[in-house]
Amino acid sequence: MKNVLITGGAGFIGSNFVRYLLRNEPDLQIINLDALTYAGNLENLSDLPNIERYTFIQGDICDFSFVKQTLEKYQIDTVIHFAAESHVDRSIVGPASFIQTNIVGTFNVLQAAYNTWSKSENKNNFRFHHISTDEVFGSLFSTDPAFTEITPYDPRSPYSASKAASDHLVRAYYHTYGLPITITNCSNNYGPYQFPEKLIPLIILNALQGKHLPVYGDGKQVRDWLYVEDHCEAIHLVLKKGKLGETYNIGGENQPTNIEIVNMICKFLDELKPASSPYASLIEHVPDRPGHDRRYAMNIDKIKNELGWSPKHTLANGLRETVEWYLSNIDWVNLITSQNNYQNWLNKNYQNREEIK
Ligand code: NAD
Ligand code: TYD
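Remember, predicted model here, so these are calculated numbers, not experimental data.

A.B. asks: Explain the side chain of arginine 171 to me, please; I cannot follow it from the model alone.
C.D. replies: Its location among the elements puts arginine 171 in helix α5 (residues 158–177). Buried charge without a partner: arginine 171 forms no salt bridge, and the closest opposite charge is aspartate 167, 4.7 Å away. A distance of 2.9 Å separates a polar atom in the side chain of arginine 171 from a polar atom in the side chain of threonine 247. Apart from the residues lying within four places of it in its own chain, the contact partners of arginine 171 are Tyr153, Ile183 and Thr247.

A.B. asks: Help me understand helix α11 (residues 330–338) in this model?
C.D. replies: Note: α-helices contain 3.6 residues per turn, so residues at a spacing of three or four share the same orientation. For α11, every residue scored as buried is listed here: Trp332, Val333 and Ile336. Across the axial projection of α11, the buried residues extend over an arc of 100°, all falling on one side. Exposed residues lying more than 90 degrees from the buried face of α11 are Asp331 and Ser338. Lining the buried residues of α11 we find α6 (199–208), α10 (315–328) and α12 (342–351). Immediately beyond the C-terminal end of α11, within one or two residues, lies asparagine 340, with a positive phi of roughly 60°.

A.B. asks: How should I be thinking about the packing of helix α1 (residues 12–24) against helix α7 (residues 228–241) in this particular structure?
C.D. replies: How two helices pack is summed up by the angle between their axes together with the distance between the axes. Interhelical geometry of α1 versus α7 gives an angle of 60° and a closest axis separation of 9 Å. As far as their axial angle goes, α7 and α1 are oblique. The handedness of the crossing between α1 and α7 comes out as right-handed. The residues of α7 that touch α1, namely those facing Phe12, Ile13, Asn16, Phe17, Tyr20, Leu21, Arg23 and Asn24, are Val228, Glu229, His231, Cys232, Glu233, Ile235, His236 and Leu239. Its residues placed into classes, the contact of α1 with α7 shows nine nonpolar, four polar and three charged.

A.B. asks: Please clarify how the pairing of strand β1 (residues 3–7) should be interpreted in this entry.
C.D. replies: Residues in a regular strand point their side chains to alternate faces of the sheet. When you tally the buried positions in β1, you get five out of five residues, the bulk of the element. Neither face of β1 is exposed, since Asn3, Leu5 and Thr7 on one face and Val4 and Ile6 on the opposite face are all buried. In the sheet, β1 pairs with strand β4 (residues 78–81) via four bridges, with the strands oriented parallel. Residue pairing for β4: leucine 5 is matched across the bridge by valine 79.

A.B. asks: Help me understand the site of ligand 2, please; the structure alone is not making it clear to me.
C.D. replies: The local shell around ligand 2 holds 16 residues, among which Glu135, Arg223, Arg289, His292 and Tyr350 are the closest. In this structure, a nitrogen atom belonging to ligand 2 sits 2.9 Å away from a main-chain N or O atom of proline 214. Here an oxygen atom of ligand 2 and a backbone polar atom of tyrosine 216 are 2.9 Å apart. Elements with a contribution of two residues or more to the shell around ligand 2: α6 and β8 (213–216). By residue class, the composition of the shell around ligand 2 is seven nonpolar, four polar and five charged.

A.B. asks: What is the right way to look at the pattern of salt bridges in this model?
C.D. replies: Once their charged atoms are close, side chains differing in charge can pair, the charge on each being opposite to the other. Under the defined criterion, the tally for this structure stands at 14 salt bridges. The shortest N-O distance in the salt bridge between glutamate 271 and arginine 320 comes to 2.4 Å. Of this pair, glutamate 271 sits in helix α8 (residues 258–272) while arginine 320 is found in helix α10, placing the two residues 49 residues apart along the sequence. Classification of glutamate 271 by relative accessible area gives partly exposed; the value is 49%. Since its relative accessible area comes to 24%, arginine 320 is described here as partly exposed.

A.B. asks: How do you make sense of the nonpolar core when you look at a structure like this?
C.D. replies: Across soluble globular proteins, you tend to see nonpolar side chains buried next to one another. The biggest cluster of nonpolar side chains holds 34 residues, and the ones touching the most others in it are Ile200 and Ile265. Looking at this core, the elements that each hand over two or more residues are α6, β8, β9 (225–227), α8, α10, α11 and α12. In terms of residue count, the dominant contributor to this core is α8 (seven residues). Ignoring anything within four residues of it in the chain, the contact list for isoleucine 265 reads Ile200, Ile203, Ile204, Leu319 and Val323.

A.B. asks: What should I look at first to understand the site of ligand 1 in this one?
C.D. replies: Close to ligand 1 lie 28 residues, the nearest being Ile13, Asp34, Ser86, Tyr159 and Lys163. Here isoleucine 13 contributes a backbone N or O atom positioned 2.8 Å from an oxygen atom of ligand 1. Those elements that place two or more of their residues in the shell around ligand 1 are α1, β5 (127–133), α5 and β7 (188–190).

Conventions we followed
- Residues numbered from 1 in each chain as written.
- Chains lettered and ligands numbered in written order.
- Predicted model: local features only at pLDDT ≥ 70, side-chain atom pairs only at ≥ 80, totals over all residues.
- Heavy atoms only, no water.
- Helix = DSSP H or I, 4+ residues; strand = E, 2+ residues; numbered from the N terminus.
- Buried < 20%, exposed > 50% of the residue type's maximum accessible area, 1.4 Å probe, protein only.
- Lys, Arg positive; Asp, Glu negative; His and termini not counted.
- Salt bridge = Lys/Arg side-chain N within 4 Å of Asp/Glu carboxyl O.
- Polar contact = N/O pair within 3.5 Å; in protein donor to acceptor, adjacent residues only side chain to side chain.
- Contact = heavy atoms within 4.5 Å.
- Arc of directions from axis to C-beta.
- Axes fitted to C-alpha atoms, helices over the stretch in contact; angles between N-to-C directions.
- Parallel < 35°, antiparallel > 145°, perpendicular 65-115°, else oblique.
- Left-handed = near helix turned anticlockwise from the far one by under 90°.
- Nonpolar A, V, L, I, M, F, W, Y, C, P; charged D, E, K, R; others polar.
- Pairing = 2+ DSSP bridges.
- Near = heavy atom within 4 Å.
- Core = buried A, V, L, I, M, F, W, Y, C linked by side-chain atoms within 4.5 Å.

Take a look at the structure:
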């Protein structure tokens, strides 16, 4: 790795990864290409030192010639592809941008990478790494074993279907053209700089504002949660030691229900920022998400046994750190929530939940 293109590096995981890579790979040139949609914000990177080996470029991965020129101009040898539309609820309300960015956009990035790689004199030093999700595997019953890398794909939302399509395209470029790829499928992330449309930051911010804490349906859906820094470490390891053409599952090895997560957040807030009544009194069950996946669980034996990775944060300490981070970064929160039609999204998603169906 010398010249790394990170797509979507102004979003939640991408910005944490840019920071992680700058810290851990002092000789790399990092190019961050991001369209700065509602979910991408340069404020997520405002603490970066002004250094020559980091460049930000605003642009859309759906624009093939722009992506191709960027790869050529910066002599990219490693592409780490985060850019995506990432929120399931938005994919239910408006799937079109998910098809464009996640499928057509990924195709463009792959094709541009293929052009660069096929002309390269140093083919062995090229890599396309694709960031994907556990949601491509579908929904588990409570007694089902966790997803492994060979669990058949069974996506059930427009978001997960578009990510599944992108995974298939990435594998097709490996098998058909020999493009050196790796893929990671990760469970739900949480941590600093997550846009407050996702469960954990939304609950923290609503609680701080004394608003209801919306829990979809019975709140007994199960997710596997991973602290974002652990995800960054796993991606870095797969880049360094992963086998070409392979997929690695990444997860936090925990199985809380949503209502348990919400109660944990309330307890941390009761301790760190006590209010007149316990925050849990704000919990409100609201109509369920259509097609809501009941349970995700990740079997991470492969990355553990082959690459020696396992998560460093427990759910309790990761969640506490996250609550503390949001409490000490209220300026970031205020800025993010004052932009990007954030309030419009809240109105659309929470005031008209039954109409979404
Ligand atoms: P995010 O929504 O916070 O960030 C996405 C970024 O992509 C934003 O900066 C946005 O501006 C950029 N982007 C969107 N469309 C673009 C386009 N057409 N061209 C260029 N840039 C564009 O997402 P995230 O939570 O950081 O997720 C990053 C990746 O990780 C995604 O591929 C997602 O599917 C995957 N993933 C996320 C999670 C999770 O829990 N958040 C879990 C597993 C996998
Ligand atoms: P989310 O953070 O949107 O991630 P994903 O849908 O990709 O898993 O949601 C996590 C879980 O929390 C999911 O089961 C939906 C649920 N949820 C709520 O109960 N209330 C909310 O307001 C949100 C945003 C999510």
